[in-house]
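# Remarks on the overall topology
Here are the chains, one letter per residue:
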Amino acid sequence: RMSRHAQQLRDHDINPCVAETDASRKCMDDNNYNKDMCTDYFLKYKNCRKFWHNIMMQRKRNGVKPEMPSAEERKKMLESME
């Protein structure tokens, strides 16, 4: 059974970067934990965290709740940027 923290990390409404986390982990598994092979995945994860952290800070400053948009709301935000 997963800990509460682990469950939150898997929750798409709480963690906007689940896909990037999974891709990084899979790359590490597939490449025998050679970090050099997975640099692109790590960068995507880092950019994802940075992007949503900035959105969260902006919402916090503006008094918007919840500070992290839901998975559905994030999807719409990303689609509107394409």
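Residues numbered from 1 in each chain as written. Predicted model: local features only at pLDDT ≥ 70, side-chain atom pairs only at ≥ 80, totals over all residues. Heavy atoms only, no water.

## Comments concerning the overall build of the chain
Of regular secondary structure, the chain possesses four helices and zero strands. The helix and strand sequence of the chain, counted from the amino end, reads α-α-α-α. Each principal axis of the C-alpha atoms in the chain carries an extent, and together these give about 45 × 35 × 20 Å. The 82 residues of the chain split such that 20% are buried. Residue pairs in contact within the chain that sit at least 24 positions apart in sequence constitute 39% of those at least 6 positions apart. Computed over 17 positive and 13 negative side-chain charges, the inter-centroid distance for the chain is 6 Å. (Helix = DSSP H or I, 4+ residues; strand = E, 2+ residues; numbered from the N terminus. Buried < 20%, exposed > 50% of the residue type's maximum accessible area, 1.4 Å probe, protein only. Contact = heavy atoms within 4.5 Å. Lys, Arg positive; Asp, Glu negative; His and termini not counted. Charge placed at Lys NZ, Arg CZ, Asp CG, Glu CD.)

## Comments concerning the layout of surface pockets
Over the atoms, a rolled probe matching the size of one water molecule traces out where space is still vacant. Estimates place the volume of the largest pocket at around 200 Å³. His12, Asn15, Pro16, Val18, Ala19, Glu20, Phe51, Trp52, Ala71, Arg74, Lys75 and Leu78 are the residues that line the largest pocket. Of all the secondary-structure elements, those providing two or more residues to the lining of the largest pocket are α2 (18-30), α3 (39-61) and α4 (71-81). With four residues, α4 is the largest single contributor of residues to the lining of the largest pocket. (1 Å grid on protein atoms, 1.4 Å probe; cavity = no way out; pocket = protein on both sides within 12 Å on 5 of 7 lines; lining within 4 Å. Points joined across faces, edges and corners; volume = space filled by probe spheres on them.)

## Remarks on the side chain of Arg59
The topology assignment puts Arg59 in helix α3. The class of Arg59 is buried, set by a relative accessible area of 10%. Leaving out residues up to four positions away in the same chain, Arg59 has contacts with Val64, Lys65, Pro66, Glu67, Met68, Pro69 and Glu73.

## Observations regarding the nonpolar core
Membership of the largest hydrophobic core is limited to five residues, which are Cys17, Cys48, Trp52, Ile55 and Met68. Contact partners of Trp52, with chain neighbours within four places excluded, come to Pro16, Cys17, Met68, Pro69, Arg74, Met77 and Leu78. (Core = buried A, V, L, I, M, F, W, Y, C linked by side-chain atoms within 4.5 Å.)

## Quick word on the state of the cysteines
For the structure shown, the criterion picks out two disulfides. There is a disulfide in this structure between Cys17 and Cys48, and the S-S distance comes to 2.0 Å. Between Cys17 and Cys48, the S-S dihedral sits near -100°, and the bridge is therefore left-handed. Here the residue Cys17 occupies a position in the loop between α1 (4-10) and α2, and Cys48 occupies one in helix α3, the gap between them amounting to 31 residues. (Disulfide = S-S within 2.5 Å.)

## What to know about the packing of α2 against α3
Across the interface, α2 lies against α3 with an axial gap of 9 Å and an inter-helix angle of 160°. Between α2 and α3, the angle is such that the two are roughly antiparallel. For the pair α2 and α3, the crossing hand works out as left-handed. Across from Glu20, Thr21, Ala23, Ser24, Cys27 and Met28 in α2, the residues of α3 making contact are Tyr41, Phe42, Lys44, Tyr45 and Cys48. Of the residues assigned to the contact of α2 with α3, the class counts are seven nonpolar, two polar and two charged. (Axes fitted to C-alpha atoms, helices over the stretch in contact; angles between N-to-C directions. Parallel < 35°, antiparallel > 145°, perpendicular 65-115°, else oblique. Left-handed = near helix turned anticlockwise from the far one by under 90°. Nonpolar A, V, L, I, M, F, W, Y, C, P; charged D, E, K, R; others polar.)

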